[in-house]
Amino acid sequence: MTDPTPADLIREEVRLLQTGIEMQRQGLDLLLAEMRALAALMPGMDSRQPTDAEIEAGYDNMPV
């Protein structure tokens, strides 16, 4: 077995960071789904969620 190079160590650290970020994203996606489901059950709340196109349209007027 050879000694790992600095590049190998950095690649491993990046892989671990990517895995951690992906796990956080999955948890936040689940939380968002739960929040939307609960909002749909609340009386008087509009349960209709904007589409991705509607959300993007709101950002189209921003200067570049």
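Higher on the page you've got the structure.
Fair warning: this is a prediction, and the values are worked out from it, not measured in the lab.

Description of the overall build of the protein chain
For the protein chain, the helix and strand inventory stands at 2 helices and 0 strands. Taken across its 64 residues, the protein chain has 0% of its residues classed as buried. In the structure as shown, the protein chain presents an accessible area of about 6200 Å², 64% of it carried by carbon and sulfur atoms.

Here we look at the pattern of salt bridges
Applying the stated criterion to the full structure yields 4 salt bridges. A salt bridge links R25 to E22, with the shortest nitrogen-to-oxygen separation between them at 2.7 Å. Residue R25 and its partner E22 are located together in helix α1 (residues 6–41), separated by 3 residues, close to a single helical turn. Given a relative accessible area of 34%, E22 falls into the partly exposed group. Of the charged contacts in the structure, one is a salt bridge between R25 and D29, with a shortest N-O distance of 2.3 Å.

Some details on a nonpolar patch on the surface
On the surface, L28, L31 and M35 cluster together to form a nonpolar patch covering roughly 300 Å² of accessible area. Counting through the fold element by element, M35 comes out in helix α1.

About the thresholds
Residues numbered from 1 in each chain as written. Predicted model: local features only at pLDDT ≥ 70, side-chain atom pairs only at ≥ 80, totals over all residues. Heavy atoms only, no water. Helix = DSSP H or I, 4+ residues; strand = E, 2+ residues; numbered from the N terminus. Buried < 20%, exposed > 50% of the residue type's maximum accessible area, 1.4 Å probe, protein only. Areas by Shrake-Rupley, 256 points an atom, 1.4 Å probe, with all protein chains shown as cover. Salt bridge = Lys/Arg side-chain N within 4 Å of Asp/Glu carboxyl O. Patch = residues over 30% accessible without salt bridge, like charges linked within 9 Å, V, L, I, M, F, W, Y side chains within 5 Å.

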